[in-house]
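Notes for the structure review
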Amino acid sequence: MKQKPKKAISLLLSLMLVFSSALPLCANAQTGLEPSMEKNPFYEGRDVSFSSPESVAALEPSVKKTINSKTYYSNGAELYKTIRNNLAQRKTEFAVNYMANINITSTYRAMKAIEKLYVLSCDDAISESPIDGDYIRWAVSAYGFKTFNRDKFDGENYYYTATLQFEYYDSAAEEAEVDKVVNSFVASIDTNKLTDYEIIKEIHDFICSKTTYDYDAASDISGREYAATAYGALVKGLCVCQGYAVAFYRLCKELGYDARFVSSAHGRGNHAWNIVGLDGKYYFVDTTWDDGIIDMQAEQSPYSYFLVDYDTLRVRDSMLEEHTLDSTYYETAYYLENYGENTDNLSYDSGNKNLLSQSCISLNQSSFTYNGDEIKPSVTVFTNGRAEQYTITYSDNKNTGVASVNIVSKENERLLSHRNYYIIPKKMSSLSLADSGRETTAVKVKFTKAPGAVSGYKIEQYKNGKWSVVKTVSASATEAKITSLSPSVTYKFRIRSYKNFSKRNFFSDYSNVYIVATKPKTPSASSISTKSKSITFKWKKVACSGYQLQYSTDKSMKGAKTVNASSTAVSKKIAKLKKGKKYYFRVRAYKTYTKSSGEKCTCYSSWSAKKNIKCK
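Quick look at the structure, then. (Residues numbered from 1 in each chain as written. Predicted model: local features only at pLDDT ≥ 70, side-chain atom pairs only at ≥ 80, totals over all residues. Heavy atoms only, no water.)

**Topic: the side chain of R588**
- Locating R588 in the fold gives a position in strand β32 (residues 582–594).
- No salt bridge is formed by the buried R588; the nearest opposite charge belongs to E599, separated by 16 Å.
- If we skip the residues at most four places from it in the chain, R588 touches P523, G546, Y547, Q548, Y604, S605, S606 and W607. (Helix = DSSP H or I, 4+ residues; strand = E, 2+ residues; numbered from the N terminus. Buried < 20%, exposed > 50% of the residue type's maximum accessible area, 1.4 Å probe, protein only. Lys, Arg positive; Asp, Glu negative; His and termini not counted. Salt bridge = Lys/Arg side-chain N within 4 Å of Asp/Glu carboxyl O. Contact = heavy atoms within 4.5 Å.)

Here is the structure:
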């Protein structure tokens, strides 16, 4: 049984964001700038308040300039999103081409520029999925650079190529394990049968059931970095408050609920928890402290910190005031406008059946196939009381991926509720053979690009009684070469496109099966001999359906005659030839197979080298 001393819980949980980690050594940069790594400023309590005032600016596009075939990006959405996507993949090292109007001549200036790029790449304003925004902001333990080179100054802007380095509390492999748990949980939630309140409660209960607070990690995170992540919460089952909070954030976002990770000031509680939106208002949720209540088997409600207002959240704090929001980050104009002003001053009333979050919202379908038009499922709201008047709108509902039904208040246009549905790519046409695409150990296939936006394609091969992926290609591809095949063998392939969202792939239906054979190896001519008006030509056996033999008195094989031989043959005798005439012989193998349409097809090896002899 998990145990926690009840009276000590406030002081013990206040240690949750105290982290320490050694910074790595780096090779010298080519520019003379000393490489550097620094801890994530959010753990240090450093003022990065430039992030929130610039949140709107973060949405502005980057200015792009191409110089010597290299494209540079200024501060702006395109650059931030590029960095964001690398962080989401837990890349520890990657290059950026950076354009700025300042001359970066010192390691200090380089680090300040990189800090700004990092912070804005994690900004809520450009968050597009459950695995970016706060989820990656708190996954980074340290950031810096390996090289920072100035390439050019054109009189107005400076152009840099930088190799950025990041350290994380989790790895890409650990995130893959998290993805499995998340996808399984999301699939288990029937949003047509549960209310918003019930869904958020399911998330709360799932996290509390999966994990235990890691006191050792709270004292020293070194060697226990997992405890600060969703991997610790959802896979390993041990974490500190940060792990609880990022797990809650991720699951809420996956199911379409607006949530944020929030924390107390550095050195004043060092605690993390969440806010989540219901009925157009925001409430606080602290799964860490609710889990502590459950673990203690205390008489206190296990939902004491579930959907509560700020005063209720803080009432049981110790003298460290663990639930005091850090004013550096949460009293900014951006946060106050988008969240603070909409935070309810009363805890959520689960007994108020007039709330839309107490109603079941059902879509007639949860998955649709892309057709190029806006897709609008019908929506039914089952209310127990008089839910607030609302209008229904749709977003992201024309292209492939995750679309949404948004239920918006008529009174103040706030989002009251939300349901996701999926637009999967359209079934693809079958594969076909690319020009010069048939080889002895490979085939190159071509295909028509899928309509709508897709993330890529997966080609599968039927082998050993099952289909398995043999090639994944990008969305821009129209051809793919499949290697490591055997000569003169018939193969079956199929293809489907996919759209990726938050590490989940939404697939089209499979294309029809494409059947193709590889070319046989070219048989080697081994010998040629002659007897009375006949010539015997021999070759080395290869795997095939049969052989074609050609002979002619012309070296260029003009007017050559062709005869066939079985797949078991290794020689052919040609009689009734002209005595004294020189004859040239060559051989090739062929493979016959039946296409999926039923049409017979034959493919050939190259011709062997020629051998000649004068007929006796």
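What follows picks up the thread again.
**What about helix α7 (residues 196–210)?**
- Taking 1.5 Å of rise per residue, the 15 residues of α7 would be expected to cover 21 Å, and the 21 Å separating its terminal C-alpha atoms lies within 8% of that figure.
- What α7 keeps buried is the set D196, Y197, I199, I200, I203, H204, F206, I207 and C208. (Expected span 1.5 Å × (residues − 1).)

**Let's talk about the environment of Q550**
- Of note, Q550 is situated in strand β29 (residues 546–552).
- With sequence-adjacent residues up to four places away left out, Q550 is seen in contact with M557, A560, K561, T562, Y584, F585, R586 and W607.
- Side-chain polar atoms of Q550 contact the side chain of T562, separated by 3.2 Å.
- In this structure the side chain of Q550 is engaged in a polar contact, spanning 2.8 Å, whose partner is the side chain of R586. (Polar contact = N/O pair within 3.5 Å; in protein donor to acceptor, adjacent residues only side chain to side chain.)

**Quick look at the sheet that holds strand β16 (residues 390–395)**
- Here four strands make up an open sheet; going across it, the order is β14-β18-β17-β16 and the pairing mixed. Either end of the sheet is taken by a strand with one partner, and the two such strands are β14 (367–369) and β16. Averaged over all pairs of adjacent strands, the angle between their axes in this sheet comes to 30°, without regard to strand direction.
- Two elements, β14 and strand β18 (residues 415–424), share three bridges in a ladder whose sense is parallel. In the strand pairing of β18, F368 is matched with I423. (Pairing = 2+ DSSP bridges. Axes fitted to C-alpha atoms, helices over the stretch in contact; angles between N-to-C directions.)

**Considering the pairing of strand β17 (residues 401–409)**
- Within β17, nine of the nine residues are buried, which leaves it mostly tucked inside the rest of the structure.
- Here β16 runs beside β17; their pairing, made up of six bridges, is antiparallel. Within β17, the residue paired with I392 across the bridge is I407.
- Between β16 and β17, which pair antiparallel in sequence order, lie five residues; one of them, D396, sits at a positive phi of approximately 50°.
- Inspection of the sheet shows β17 paired to β18 by eight bridges, in the antiparallel sense. Looking across to β18, one finds that V402 is bridged to Y422.
- Adjacent in sequence and paired antiparallel, β17 and β18 are bridged by five residues, among which E413 carries a positive phi angle near 60°.

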